[in-house]
Amino acid sequence: TATVFIFPNAMYADQGGWRCWILGDDNTAYAYYIVASTIASLYVDYIAKRITFISICVWVSAFIYVFQRGIGTGIMCQLIWLFLFLGSRFKCFRKILNAHYALYITIGFFLLIVLSRKFILEPIVTALGKTVTLSGRTIIWDTVLKSVRDKICLGYGFFVREGFNKLLSLRGGGTHNYFLNLLFQGGIVGVSLFSMLIFYACRTKKELLGTNYYKCLTIGLLVLAVRFLVENGR
């Protein structure tokens, strides 16, 4: 986090240009902050048994990073994390935390903002005098959706940034929606296996419901689910 201030013009370049620090570019790096925040929560609840200075540093660093870099999805995710974290301090709120919600968010918003955008969101936004661009992501989504029709069963397989851009004549480096990414890479089979994995994991761990362990991982998973609405999923 400190390197963002020490090297304000980035430390090194990747395929997208001169824009990286120790953990990579903005969106790649932020994924590590979510994981670190989740591990810090587990550390507080299971090892230290109290909130420590290190855990506070981890949580604060995530906020500093997203606001300093102006990462829109990161700021939104951090505010959601804060709401869930504070809410989980109360027993009644903890009871409604459910890992299944992450899958519902992933699928539900995929249907809403990716598949049904032109029928639901765009008419509403147009009536309000605005446009649904999502920083060019909608163009990528439309292009990817057209391409997956030809490989709807098994998908195209895994493509790194350059291969993805070359295949679809894009510059996005990925689908910028995790569920769409699964559909592109693994087709209906890949999406089904992913969904079954989440459902099975939740079903077989019912004895963990209400525990701090379940609470910490569920918060991390929910934050990731929101982030993956408009990101590739690294």
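Residues numbered from 1 in each chain as written. Predicted model: local features only at pLDDT ≥ 70, side-chain atom pairs only at ≥ 80, totals over all residues. Heavy atoms only, no water.

### Focus on the overall build of the protein
Piece 1. Of the regular secondary structure elements, the protein holds eleven helices and two strands.
Piece 2. Against the compact-globule benchmark of 17 Å for 234 residues, the protein has a radius of gyration of 19 Å, which places it among compact chains.
Piece 3. Based on the C-alpha atoms only, the size of the protein along its principal axes is roughly 50 × 45 × 40 Å.
Piece 4. Here the contacts in the protein between residues at least 6 apart in sequence split such that 64% fall between residues at least 24 apart.
Piece 5. As displayed, the protein has an accessible area near 13,000 Å², and 68% of this comes from carbon and sulfur atoms.
Piece 6. Separation of charge centres in the protein, based on 24 positive and 10 negative side chains, amounts to 7 Å. (Helix = DSSP H or I, 4+ residues; strand = E, 2+ residues; numbered from the N terminus. Rg over C-alpha atoms; globule rule 2.2 N^0.38 Å. Contact = heavy atoms within 4.5 Å. Areas by Shrake-Rupley, 256 points an atom, 1.4 Å probe, with all protein chains shown as cover. Lys, Arg positive; Asp, Glu negative; His and termini not counted. Charge placed at Lys NZ, Arg CZ, Asp CG, Glu CD.)

### Considering the pairing of strand 2 (residues 17-20)
Each regular strand shows side chains that alternate between the opposite faces of the sheet.
Piece 1. Note: strand 1 (residues 12-14) against strand 2, three bridges, orientation antiparallel. Paired with Ala13 across the bridge in strand 2 is Trp18.
Piece 2. Taking the residues that link successive antiparallel strands as the turn, the strand 1-strand 2 hairpin has two residues. (Pairing = 2+ DSSP bridges.)

### Some points on the nonpolar core
Piece 1. One finds Tyr30, Tyr65, Trp81 and Val223 to be the most contacted residues of the largest nonpolar core, which totals 27 residues.
Piece 2. Of all elements in the fold, only helix 2 (26-48), helix 3 (53-69), helix 4 (72-87) and helix 11 (212-227) reach the threshold of two or more residues within this core.
Piece 3. The element contributing the most residues to this core is helix 2, with six residues.
Piece 4. Among residues more than four places away in sequence, those in contact with Tyr65 are Thr1, Val4, Trp21, Gly24, Asp25, Asp26, Ala29, Tyr30, Tyr33 and Ile71.
Piece 5. Among the nonpolar cores identified, the runner-up in size contains 25 residues, and Val144, Val148, Leu180 and Leu229 belong to it. (Core = buried A, V, L, I, M, F, W, Y, C linked by side-chain atoms within 4.5 Å. Buried < 20%, exposed > 50% of the residue type's maximum accessible area, 1.4 Å probe, protein only.)

### Examining the confidence of the model for the protein
Piece 1. Of the residues in the protein, 92% reach a pLDDT of 70 or more, and the chain-wide mean stands at 85.
Piece 2. Looking across the protein, the model is least confident in helix 7 (residues 121-127), with a mean pLDDT of 67, and most confident in helix 3, with 95. (pLDDT = per-residue confidence, 0-100.)

### Remarks on unusual backbone geometry
Piece 1. Although it is not a glycine, Ala10 adopts a positive phi angle of roughly 85 degrees.
Piece 2. By relative accessible area, which is 9% here, Ala10 ends up buried.
Piece 3. Although it is not a glycine, His176 adopts a positive phi angle of roughly 60 degrees.
Piece 4. Looking at where His176 falls in the secondary structure, it is placed in the loop between helix 9 (161-168) and helix 10 (178-204).

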